[in-house]
Amino acid sequence: MFKIAVAFLLLISVSVKAQEPQLKGGLSSFLTENKIYPPYSLNNCIQGTVTIGFKLNSKGNVYYSVVNKGIGTDLDDEALRLIRMTNGKWIVPLTYDTTTLVVVPVNFSLTGYNCDRKDKKEIALAIQAYKDEEELTNVVLNFYRNKEKGNYKPEDELRVLQIKSDLRIDDEYLDDKVKSGLKKQKQGDIQGACEDFNFVKYMGSDKANDWLLKYCK
């Protein structure tokens, strides 16, 4: 009787697992092979786990993805990039609920960079410095979003332009952002592409407007 019960539980376990999407070749192997440690976190010995939430359609495409729990540095962007790269590589069961949010951890660790000697306070300061720069970037983005709606103070634009200059967000930077968006579009990462194009738009530039109209309606 005990053996029958165990066999029944194993059957249920296998059945449930079979109903879950599976990445061709395995997700762990894919992450290991494609992970590129981002420069800011590498140079500052920032490590940890980023949790990504995403949704899959019946064809195995990632149609929605977001940082569920991040570290606050470029590790978050790399984890999101990796999951979006799995687009079209998933095997999705016929009975799978495509509205389900799949949540996976992406681990980042460093060996051989003398990070064990790095002071934890120094690492924390580096993370905070990155977040501070992100906040300044959001000041600019929000200004141009509000300007589009007609809800802004013209006198604030001089300060915003100064912030852009301090952050070194110039035409060359925005051109690279457009190129990044086009590359993502070719890879099938429409969400990532539109995020790049909108970033350019809300940096006060029209460089990505044609691509927004074409891909991000």
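Overview of the structure. Please read all numbers here as calculations on a predicted model, not as lab measurements.

Criteria and thresholds
- Residues numbered from 1 in each chain as written.
- Predicted model: local features only at pLDDT ≥ 70, side-chain atom pairs only at ≥ 80, totals over all residues.
- Heavy atoms only, no water.
- Pairing = 2+ DSSP bridges.
- Helix = DSSP H or I, 4+ residues; strand = E, 2+ residues; numbered from the N terminus.
- Axes fitted to C-alpha atoms, helices over the stretch in contact; angles between N-to-C directions.
- Parallel < 35°, antiparallel > 145°, perpendicular 65-115°, else oblique.
- Left-handed = near helix turned anticlockwise from the far one by under 90°.
- Contact = heavy atoms within 4.5 Å.
- Salt bridge = Lys/Arg side-chain N within 4 Å of Asp/Glu carboxyl O.
- Buried < 20%, exposed > 50% of the residue type's maximum accessible area, 1.4 Å probe, protein only.

Pairing is antiparallel in the open sheet, where 3 strands are placed in the order β3-β2-β5. The strands lining the two open edges of the sheet, one partner per strand, are β3 (62–69) and β5 (102–108). Adjacent strand axes in the sheet meet at a mean angle of 30° when their direction is disregarded. Alignment of strand β2 (residues 48–56) against β5, held across 7 bridges, turns out to be antiparallel. Counterpart to Gly48 in the pairing with β5 is Phe108.

Axis separation between helix α2 (residues 27–34) and helix α4 (residues 74–85) bottoms out at 10 Å; the angle between their running directions is 125°. One finds that α2 runs oblique with respect to α4. The way α2 lies across α4 gives a crossing that is right-handed. The segment α2 lies against α4, with Phe30, Leu31 and Asn34 engaging Glu78, Arg81, Leu82 and Met85.

Under the defined criterion, the tally for this structure stands at 9 salt bridges. A salt bridge links Glu195 to Arg84, with the nearest nitrogen and oxygen atoms 3.0 Å apart. Here Arg84 lies in helix α4 and Glu195 lies in helix α8 (residues 190–201), a separation of 111 residues in the sequence. A relative accessible area of 8% places Arg84 in the buried class. In this structure, Lys177 engages Asp196 in a salt bridge whose closest nitrogen and oxygen atoms are separated by 3.8 Å. Here Lys177, found in helix α7 (residues 171–186), pairs with Asp196, found in helix α8; they are 19 residues apart in sequence, far enough to count as distant. Overall, Lys177 belongs to the partly exposed group, its relative accessible area being 22%. By relative accessible area, which is 6% here, Asp196 ends up buried. Residues joined by salt bridges that share partners form a network here, namely Arg84, Asp189 and Glu195.

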